[in-house]
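Structure at a glance
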Amino acid sequence: MAPPAGKRVKGVQIYRPFVYGTTARPFDEKTNPKPPGIPDDHTHSWTVFVKGVDDVDITYWLRRVQFKLHESIPNHVRMIDGEKGKPFMIHETGWGEFEITMKLYYVPESNEKPQTLYHHLRLHPYGRNEEEKEAMKKSPEVKSWVYEEQIFNEPYDAFYDILTSGATAPSLKSSGGQKTGGKSKESGQPQRSEGGVLERSAMIPLHNRPGHPFSRDTEEVEMKKLKEAMVKVEEMKKKMLADIKAKEKRLMDLKADSAKAGS
Ligand code: SLL
């Protein structure tokens, strides 16, 4: 059992961004040779992971992750304990896709119950449309990554302190140019790299870079897509209402005609 956690901080909600998902690569003599001892029918190597956005440490709130893989895989339930600054990760090989269950265990100070996520392991190119699928076919790996935000609602005060003890306030000027999580000499406070994120913060990076697809830029692109979709829906709605009106009018005319004919 978790130790007594004090009082909850009322009216406070703290969230922390994180990323989970899978990355798969087909075996290929040149680019991804099959290691010795791997069964003949295995076609891919893959990883499943839970990690911080921008690879920032999340072990101050997430203690361990239990990954439940397909029963055909030896030792298919695996508990991965957090190591500071490292992703919770499993490397495997296999031949088939399946649903992975990930149970997140929080640090004891949080007094939070574990929470379960489900994720489909993708080995083969997929996509919401042909364009996405084609792009994936060209890539050497199939990524299925999800951006998520963990919400802690009214955290206990000890946990609140842990959550908020690292980051500098956004209003504090950063001297820039330093690595994420570095400490400034003067203040001992963590410094934000150019466009990067602070440790123990809810920030996401300003821009994408290889291997880090979730940023403010990505968010903007998504927002733009949503806005365009909303405009389209609005247009469709208008057109449909006009159609309904025209049909109602036609119905009235026909009714009037038939009343005349009947009289
Ligand atoms: C399918 N329903 O038919 C899925 C099952 C199982 C995947 C996929 C075995 C690896 C091992 C493996 O890849 N199982 O033998 O270690 O597609």
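Analysis parameters
- Per-chain numbering applies: the sequence of each chain, read as written, is numbered from 1 onward.
- Local features in this predicted model are restricted to residues of pLDDT 70 or higher, and side-chain atom pairs are both shown and tallied only at a pLDDT of 80 or more, whereas totals for entire chains, interfaces and linings draw on every residue.
- With hydrogens and water excluded, all non-hydrogen atoms of the structure serve as input to the side-chain values.
- UniProt positions are given in the numbering used here, feature names are shortened, and annotations may be inferred rather than shown by experiment.
- Salt bridges, as used here, are contacts in which a Lys or Arg side-chain nitrogen is within 4 Å of a carboxyl oxygen on Asp or Glu.
- Summary of the burial criterion: residues with accessible area below 20% of their type's maximum are buried, those above 50% are exposed, and those between are partly exposed, where the area comes from a 1.4 Å probe applied to protein chains only.
- What counts as a helix is a DSSP run of H or I of at least four residues, what counts as a strand is a run of E of at least two, and both are numbered from the N terminus.
- We call a residue near a molecule or strand as soon as one heavy atom of that residue lies within 4 Å of the molecule or strand.
- N or O atoms closer than or at 3.5 Å make up a polar contact, with two conditions inside protein: a donor-capable atom paired with an acceptor-capable one, and, for residues adjacent in sequence, both atoms drawn from side chains.
- Only the protein chains shown count as covering a residue, and every accessible area follows the Shrake-Rupley method with a 1.4 Å probe.
- By convention a nonpolar core is built from buried Ala, Val, Leu, Ile, Met, Phe, Trp, Tyr and Cys residues, the set being connected through side-chain atoms within 4.5 Å.
- We call two residues in contact whenever any of their non-hydrogen atoms come within 4.5 Å of each other.
- Pairing between strands is defined by DSSP: at least two bridges between the two strands are required.
- As a rule, the C-alpha atoms of each element are fitted with a line to give its axis, helices using only the stretch in contact, and angles between N-to-C directions run from 0 to 180 degrees.

The protein chain has the name Protein AF-9 homolog in an unreviewed UniProt entry, where Rhypophila decipiens is given as its organism. Of the protein chain, the UniProt comment under Subcellular location (unreviewed entry) reads exactly: "Nucleus".

**With respect to the pattern of salt bridges**
Across all of its chains, the model carries 16 salt bridges by this definition. Across the salt bridge formed by Lys51 and Asp55, the nearest N and O atoms sit 3.1 Å from each other. Of the residues examined, Lys51 reaches a relative accessible area of 13% and is grouped as buried. Classification of Asp55 as partly exposed rests on a relative accessible area of 38%. Notably, a salt bridge pairs Lys137 with Glu134, separated by 3.3 Å at the nearest N-O pair. Placement of both Lys137 and Glu134 in helix α1 (residues 130-138) is noted, with a separation of 3 residues, approximately one turn of the helix.

**What about the site of the ligand?**
Taken together, His42, His70, Ser72, Ile73, Pro74, Thr93, Gly94, Trp95, Gly96, Glu97 and Phe98 are the residues near the ligand. The side chain of His42 places a nitrogen or oxygen atom 3.2 Å from an oxygen atom of the ligand. A distance of 2.9 Å separates a nitrogen atom of the ligand from a polar atom in the side chain of Ser72. Burial of the ligand by the surrounding chains reaches 70%, relative to a free accessible area of 460 Å².

**Some remarks on the nonpolar core**
Of all hydrophobic cores here, the largest spans 31 residues; its most connected members are Trp46, Val50, Trp61, Leu62, Phe67, Ile100 and Met102. Val50 has contacts with Phe18, Val19, Tyr20, Ile58, Leu62, Val65, Phe67, Pro87, Phe88, Met102 and Leu104, leaving out every residue within four places of it along the chain. Core analysis: the second largest hydrophobic core is formed by 5 residues, Phe49, Val53, Ile204 and Phe214 among them.

**A word on the sheet that holds strand β7 (residues 115-120)**
The strand order across the open sheet formed by 4 strands is β4-β3-β6-β7, and the pairing between neighbours is antiparallel. Strand pairing shows two members of the sheet lacking a second neighbour, β4 (77-81) and β7, which therefore form its edges. Each strand of the sheet is rotated relative to its neighbour by a mean of 20 degrees, with strand direction disregarded. Sheet analysis places strand β3 (residues 62-68) next to strand β6 (residues 99-106), joined by 6 bridges and oriented antiparallel. From the neighbouring strand, Lys68 faces β6, where its bridge partner is Thr101.

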